[in-house]
Amino acid sequence: MNPLPPVEVEPHPWRGLAWLTRRECHRVLKLWKQTILAPVISSLLFMIVFGLSLGDSIAEIGGFEYRVFIVPGLIAMAMAQSAYSNNSSTIFQARNDRYLDDILSAPMSAWQVHLGYLAGGAMRSLIIGVVLTALALPLTGAPLEMPLELIVAVVLTIGGFGALGIIVGVYAQSWDNQSFINNIVILPLIFLGGVFYSVSRLGTPWEQISHLNPLFYVVEAVRYGFLGAADVSPWLSLGVVGAITFALLAWAQFLFSTGHRLKP
Amino acid sequence: MDQTATVTPGTDPAAAPPALSIRGLTKRYADGTLALEDLDLEIPDGSFFGLLGPNGAGKTTLIGAVCNLIRVTGGEISVFGRPGTGMAARRMIGIAEQEPNLDKFLTVYETLLYHGGYYGMDGREASERAEQMIDAFDLRAKRDVEAPKLSGGMRRRLLLARALLHRPRLVILDEPTAGVDLELRHELWRYIRGLHEQGTTILLTTHYLEEAEALCDEIALISGGHIVARDSAEGLKRSHGVETLEEVYLKTVAGGRIAMDQLEEVE
């Protein structure tokens, strides 16, 4: 076949973003056992073991049965972790194998590349959240009291942890770096943020110390969306989560705009 | 409205902006290495341009700077008169890098399809073009195979197909025939020649001097981050008073007299 002559085309303003989004979603769905099934099963196991098996022997918290109380925190934890781990691994892999070059050399602006990479983690996180909610509500009888507040909390959580994943994926030198952040930073902070208990029961000074944990506000914001009640005001939770998310998104955008650590 | 226009370069070379114009390009890496220093280079529209130099001379850095893959320290780049950092310039460049950097989650077809999308093609157009390139590069039997499962030669074909998929006006080929067998090398040469005849400007880096001599109508020799010589292959040989391009290369970029002495000893 003879080659065709070159063409001159004005770059389409958003098609690159749409295709990068599609590629990221394609990756999530291709690896669905690892990206979706595994986190859904592990969160369900927590609900079954701690909520349904042990829940009857634990007193109510804030007027809610224990099996109901833990549902929002477990869903928040699963969604946050999946947004983080998806984006950190996809960026690190693209950097490591250097196929990121195909994206960086394409006619896409920095914010489009940023948004495209956020999309994969967001889709994965949303699928996990929806599946867990659909299973957990009938299983535990948990309510969905404040859907609008829940949507805001979920969007901020996904955005913040997705951006954190991108940042770690950009800075990571090895696969170990990413799992280190997840296992040594995110997971303990979420557990200590009141997924399984109300921090108001801890007493001084642990209750006050818990309020310094940013992940506490993520759990509280999502809990308010489901139960309509939380340890702190929903405005405070959403404000803190929003501020952290904004800072992380700005940091990730800085990396794409300057090429810092993405380009030598 | 169809925004696609087939380009017929070279109709008025004096009026047309160069395919690539580089002014004062400098790149110093974080470790202090000065890879390019105040480099000027202009490649005319429609030319087949060879860039030769030893490892570490700055070839890949120069290509990276043109393709938005490195952060330049200073200088200006324009592509067909458009600022090198702009989207229009990036749309006009196709690059096949030296190392096969293929998305491990995508098949051959998907690699080409998604690349077309990144470069602004719609789904139908990208799909049609992907199928054309699969046939052109003899990848039909591997269409639904993921990139990591391809042989080295197949990966090389796919890299080139990807670089050309969006029909760029300037194609940059960084060692496109490194590590490929003779048959494939000649096949790739034939295709690249055809591409050039259709009006595409080619910038080729290679370690195969006979490849540069056979394909390129102009050659630049780069060493230590500077262009040290530039002419046609014949012009370079004439101006250096030697018989072969290899001698020009050894004289200008590979250690001068010592290398020439070694060459004479071998001969």
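Here the structure is a predicted model, which means the values were calculated and not measured.

**So, the interface of chain A and chain B**
At step 1: Tallying the contact residues gives 33 residues for chain A and 42 residues for chain B.
At step 2: Those elements giving two or more residues to the side of chain A that touches chain B turn out to be β1 (7–8), α1 (15–30) and α4 (100–104) of chain A.
At step 3: Ranked by residue count, the leading element in the side of chain A that touches chain B is α1 of chain A, at seven residues.
At step 4: When grouped by side-chain class, the residues that make up the side of chain A that touches chain B number 17 nonpolar, five polar and 11 charged.

**Examining the packing of helix α6 (residues 147–171) of chain A against helix α10 (residues 234–258) of chain A**
For any two helices packed against each other, one specifies the crossing angle of their axes together with the interaxial distance.
Residue and element names in this part refer to chain A.
At step 1: The N-to-C vectors of α6 and α10 enclose an angle of 30°; their axes lie 8 Å apart at closest approach. When the axes of α6 and α10 are compared, the pair comes out roughly parallel. As α6 packs across α10, the resulting crossing turns out to be left-handed. Where α6 approaches α10, its residues Glu149, Val152, Ala153, Leu156, Thr157, Gly159, Gly160, Ala163, Leu164, Ile166, Ile167 and Val170 are matched on the opposing element by Pro234, Leu238, Val241, Gly242, Ile244, Thr245, Leu248, Leu249, Trp251, Ala252 and Leu255.

**Description of the sheet that holds strand β3 (residues 34–43) of chain B**
All names here are of chain B.
At step 1: Across the sheet, four strands lie side by side as β3-β2-β5-β6; this open sheet has antiparallel pairing. Edge positions in the open sheet fall to β3 and β6 (82–83), since each of these has one partner strand only.
At step 2: Taken together, the two bridges between strand β5 (residues 74–79) and β6 define a ladder with antiparallel strand orientation. What sits directly across from Val79, in β6, is Arg82.

**Topic: unusual backbone geometry**
At step 1: The omega torsion across Thr204 of chain A and Pro205 of chain A is 0°, close enough to zero to call that bond cis.
At step 2: Of note in this structure, Asp38 of chain B is not a glycine but carries a positive phi near 45°.
At step 3: When you line up the elements, Asp38 of chain B lands in strand β3.
At step 4: In this structure, Asp138 of chain B takes a positive phi of about 55° despite not being glycine.
At step 5: Following the sequence through the fold, Asp138 of chain B ends up in the loop between α4 (123–136) and α5 (152–164).

**Looking at the pairing of strand β2 (residues 20–28) of chain B**
All names here are of chain B.
At step 1: Direction of pairing for β2 relative to β3: antiparallel, over a ladder of six bridges. Bridged to Ile22 within β3 is Leu41.
At step 2: Taken together, β2 and the strand that follows it, β3, pair antiparallel across an intervening segment of five residues, in which Gly32 is found at a positive phi of about 95°.
At step 3: In terms of strand pairing, β2 meets β5 through five bridges, oriented antiparallel. Note that in β5 the partner of Arg23 across the bridge is Glu76.

**Concerning the sheet that holds strand β4 (residues 48–52) of chain B**
Residue and element names in this part refer to chain B.
At step 1: Overall, mixed pairing links the six strands, which are arranged β7-β8-β9-β4-β10-β11 in an open sheet. This sheet does not close on itself; its edge strands, each paired only once, are β7 (93–96) and β11 (226–231). Taking each pair of neighbouring strands and ignoring which way they run, the sheet shows an average axis angle of 20°.
At step 2: Packed onto the sheet, α5 meets β7 and β8 (170–174) and runs at close to 170° relative to β7.
At step 3: Packed on one face of the sheet, helix α9 (residues 245–252) meets β4, β10 (218–223) and β11 and runs near 30° to β10.

**Regarding the pairing of β11 of chain B**
At step 1: Bridge analysis of β10 of chain B against β11 of chain B gives five bridges, and the strand direction is antiparallel. The residue bridging Ser223 of chain B from the neighbouring strand is His226 of chain B, located in β11 of chain B.

**Let's talk about the confidence of the model for chain B**
If pLDDT is low for a region, its predicted coordinates should not be looked at in detail.
Residues and elements named next belong to chain B.
At step 1: Considering every residue of chain B, the mean pLDDT works out to 89; 89% of them sit at 70 or more.
At step 2: Across residues 256–260, confidence stays below pLDDT 50; counting only partners more than four residues off in sequence or on other chains, it has five contacts.
At step 3: Both confidence scores are given for the complex: pTM 0.90, ipTM 0.90.

**A closer look at the environment of Pro264 of chain A**
At step 1: You can see Pro264 of chain A is positioned in the segment after α10.
At step 2: On the basis of neighbour counts, which here come to 15 C-beta atoms within 10 Å, the residue Pro264 of chain A falls in the partly exposed class.
At step 3: For Pro264 of chain A and Ser85 of chain A, which are 179 residues apart along the polypeptide, the C-alpha to C-alpha distance reads 25 Å.
At step 4: If we skip the residues at most four places from it in the chain, Pro264 of chain A touches Tyr29 and Ile70 of chain B.

Parameters at a glance
Residues numbered from 1 in each chain as written. Chains lettered and ligands numbered in written order. Predicted model: local features only at pLDDT ≥ 70, side-chain atom pairs only at ≥ 80, totals over all residues. Contact = placed C-beta atoms within 7 Å. Helix = DSSP H or I, 4+ residues; strand = E, 2+ residues; numbered from the N terminus. Nonpolar A, V, L, I, M, F, W, Y, C, P; charged D, E, K, R; others polar. Axes fitted to C-alpha atoms, helices over the stretch in contact; angles between N-to-C directions. Parallel < 35°, antiparallel > 145°, perpendicular 65-115°, else oblique. Left-handed = near helix turned anticlockwise from the far one by under 90°. Pairing = 2+ DSSP bridges. pLDDT = per-residue confidence, 0-100. Buried ≥ 20, exposed ≤ 12 C-beta atoms within 10 Å, placed from the backbone.

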